[in-house]
Amino acid sequence: MPQAGTVDKPHRLPLVAMPLNRGSTPDKDGRLVNCYVEKNEMGDHWIYKRAGLLADTALSGAGQGTFNWNGDIYAIFGASLYKNGVSVGTVDATGGKYHFSSCLGGIPKLQLGNGVKAYNYDISGGLVQIIDANFPAPFVKGFTYLDGTTYVMDSSAAIHGSNLNDPTTYDPLNLILAQIEPDKGVGISKQLVYLVALKQWSTEMFYDAGNPAGSPLGPVQGAKANYGCVSIDTLQDIDGALFWVSTNKSGSAQIVILSAQKASAISTKAVEKLLDGADFSTAMSWQYKADGHSFYVVTIKSLNLTLSYDVAEHLWCQWTDTNGNYMPIIDFVVRDNMDFLVQHESNGKLYKMSSAYTSDDDALFSVDIYTPNFDGEVDRRKHLNVMRINADQQVGSTLQVRKNDDDYDPAKWSNFRSVDLSNQRPFLTGCGTFYRRAHHFHHRSDTKLRIKSIDLQLDMGVL
């Protein structure tokens with residue numbers, strides 16, 4: 001029993017929640033929207049507002065991919081390839097997002113392809129389509145440059161190699177099959193010194209075996225993984241680890257990481273419920289790295305859903321645009337001065353992305369924290385006298401709070417109450433009585449947001 005003149009220690013409301021959806025939509029149970037979590041050296045968890053956007057380059061057409069080559073920013077919008085905002089040629093616009101690579105040699109070249117057509121670009125020769133008779137057409141997306149040879153793969157999982165540092169010419173004998181499993185090819189990539197062949201149900205790896213005839217490649221024994229790839233456009237290379245949306249013969253979609261030749265799932269059961277049965281034909285992915293965090297971001301347009309995975313914290317969040325829909329970013333690129341740029345899928349713009357920006361190009365976006373149902377681990381009626389918000393003081397920053405005592409019933413949310421986060425000790429009083437309750441904290445201000453915890457001063461009632 002507390003002594004006279006004291007009150008019980010406040011209960012701390014759980015805020016940090018992975019997606020906890022019990023079904024195939026994120027609309028029920030706890031989740032974090034447009035934010036991320038950071039655990040500091042003291043073991044405290046803080047929720048931060050995600051980085052915002054600021055328009056940088058306006059071009060014309062739908063976004064189709066970006067790349068930094070020799071310090072210049074190449075971007076495809078519509079049917080045009082731009083170099084630092086200036087068109088340098090016309091490309092095919094029917095195959096969706098382009099994938100890029102580059103090679104060395106007497107005349108270093110940039111490679112780009114969308115599965116329908118492929119091109120080389122160099123300063124002296126300009127943009128030239130690859131029309132060599134031995135280049136596979138059609139081919140799956142992705143180029144891999146390994147020890148002077150540029151490799152591409154076709155849908156039958158045959159990997160074709162170019163002449164040495166000459167990605168305009170392909171040797172018909174430089175050919176090897178990814179054939180541990182008889183599934184079709186989806187795309188290729190590279191990890192460390194290995195070529196990674198991503199297929200429908202499986203993944204295989206190859207190394208430069210230095211074979212004197214035929215393909216220089218040899219299979220890496222024991223490196224086969226029973227994870228396929230639903231779309232190569234979900235693939236991202238983050239600090240040497242590959243992330244993508246996978247599937248296998250069971251038909252269940254997962255998100256996996258390939259690191260040190262070992263593949264493992266990083267998606268939670270709740271995330272996999274969201275992915276179940278989705279159409280991945282228009283899926284997009286990108287990455288963001290800043291402020292000590294690296295994020296793998298994947299968008300499933302058919303679900304109107306963008307998910308971000310914090311590689312260091314191993315936490316999933318949902319990110320949206322300013323209207324609460326999926327985040328319409330198709331690719332990213334980093335300038336040599338470390339400006340981080342993202343490419344819009346349709347409006348012809350590149351945006352700088354940074355935590356210094358507190359809106360998306362002057363349009364506000366919402367941070368939403370939906371808590372799990374809370375009962376204080378006591379099945380009694382509880383009267384909430386005071387709710388104390390532990391957040392950074394910010395002039396102009398308002399947090400709105402509402403509650404739901406009926407298991408997230410959308411018709412049973414209370415009206416919002418506002419809390420001024422410029423106050424030293426922001427709080428709400430008179431918050432009612434409940435057995436168990438979910439809270440929704442909503443922030444839509446042109447300010448930064450960092451919030452640590454919500455403390456509840458509860459009086460316990462009877463059963």
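Here is a short report on the structure shown in this document. All values reported here derive from a predicted model rather than from experimental measurement.

1. Some words on the overall build of the chain
- Per the secondary structure count, the chain includes one helix and 40 strands.
- The dimensions of the chain, computed from C-alpha atoms along their principal axes, are 90 × 45 × 40 Å.
- Scored against the burial criterion, the 463 residues of the chain give a buried share of 53%.
- Looking at the chain alone, contacts between residues at least 24 apart form 59% of all its contacts between residues at least 6 apart.
- A total accessible area of about 19900 Å² is found for the chain, and carbon and sulfur atoms account for 49% of it.
- The centroid of the 41 positive side-chain charges in the chain is displaced by 7 Å from the centroid of its 49 negative side-chain charges.

2. Remarks on the state of the cysteines
- Under the definition given, this model contains zero disulfides.
- In this structure Cys317 is a free cysteine whose sulfur lies 5.0 Å from that of Cys35, the closest cysteine sulfur available.

3. A few points about unusual backbone geometry
- For the bond from Ala137 to Pro138, the omega torsion is 0°, close enough to zero to count as cis.
- Within the fold, Pro138 resides in the loop between strand 13 (126-129) and strand 14 (140-146).
- Here Asp147, not a glycine, exhibits a phi torsion of approximately 55°, which is positive.
- Its place among the elements puts Asp147 in the loop between strand 14 and strand 15 (149-153).
- In this structure Asp147 comes out as exposed when scored by relative accessible area, which is 54%.
- Within the chain, Asn165 stands out as a residue other than glycine whose phi angle is a positive 50°.
- In this fold, Asn165 is placed in the loop between strand 16 (158-163) and strand 17 (166-177).
- Judged by relative accessible area, Asn165 falls into the partly exposed class, the value being 26%.

4. Regarding the pairing of strand 10 (residues 99-103)
- Burial within strand 10 is extensive, with four of its five residues counted as buried.
- Examined bridge by bridge, strand 10 and strand 11 (residues 109-113) share five bridges and lie antiparallel to one another. If you follow Phe100 over to strand 11, its bridge partner there is Leu112.
- Two successive antiparallel strands, strand 10 and strand 11, enclose a turn made up of five residues, where Gly105 displays a positive phi of approximately 105°.

5. Points about the nonpolar core
- Ranked by size, the top nonpolar core spans 45 residues in total, and within it Trp286, Met353 and Met387 carry the most contacts.
- Once you skip the residues sitting within four places of it in the chain, Met353 turns out to touch Ala51, Gly52, Leu53, Trp286, Tyr288, Trp319, Met327, Phe340 and Val342.
- Ranked by size, the runner-up nonpolar core spans 21 residues in total, among them Ile257, Ala278, Ala283 and Val298.

6. Quick look at the sheet that holds strand 5 (residues 52-58)
- What the four strands build is an open sheet, ordered 5-32-31-30; its pairing is antiparallel. Where the open sheet ends on each side, the last strands, each with one partner, are strand 5 and strand 30 (329-334). On average, each strand axis in the sheet is inclined to that of its neighbour by 35°, with strand direction left out of account.
- Two strands pair when backbone bridges link them, and strand 30 and strand 31 (residues 340-344) are joined in this way by five bridges, in the antiparallel orientation. Each bridged residue has a counterpart across the sheet, and for Val334 the counterpart in strand 31 is Phe340.

7. Side note on the pattern of salt bridges
- In total, this model carries 19 salt bridges according to the counting rule given.
- Here Arg22 makes a salt bridge to Asp29, at a shortest N to O gap of 2.6 Å.
- A relative accessible area of 41% means that Arg22 is categorised as partly exposed.
- Using a relative accessible area of 10% as the deciding quantity, one classes Asp29 as buried.
- The salt bridge partner of Lys97 is Asp331, with a shortest N-O separation of 3.6 Å. Separated by 234 residues along the polypeptide, Lys97 in the loop between strand 9 (86-90) and strand 10 and Asp331 in strand 30 bring together distant segments of the chain. In this structure, Lys97 and Asp331 share a single accessibility class: buried.
- Where salt bridges share partners, they join Asp56, Arg335, Asp339 and Lys352 into one cluster.

About the cut-offs
- Residues numbered from 1 in each chain as written.
- Predicted model: local features only at pLDDT ≥ 70, side-chain atom pairs only at ≥ 80, totals over all residues.
- Heavy atoms only, no water.
- Helix = DSSP H or I, 4+ residues; strand = E, 2+ residues; numbered from the N terminus.
- Buried < 20%, exposed > 50% of the residue type's maximum accessible area, 1.4 Å probe, protein only.
- Contact = heavy atoms within 4.5 Å.
- Areas by Shrake-Rupley, 256 points an atom, 1.4 Å probe, with all protein chains shown as cover.
- Lys, Arg positive; Asp, Glu negative; His and termini not counted.
- Charge placed at Lys NZ, Arg CZ, Asp CG, Glu CD.
- Disulfide = S-S within 2.5 Å.
- Pairing = 2+ DSSP bridges.
- Core = buried A, V, L, I, M, F, W, Y, C linked by side-chain atoms within 4.5 Å.
- Axes fitted to C-alpha atoms, helices over the stretch in contact; angles between N-to-C directions.
- Salt bridge = Lys/Arg side-chain N within 4 Å of Asp/Glu carboxyl O.

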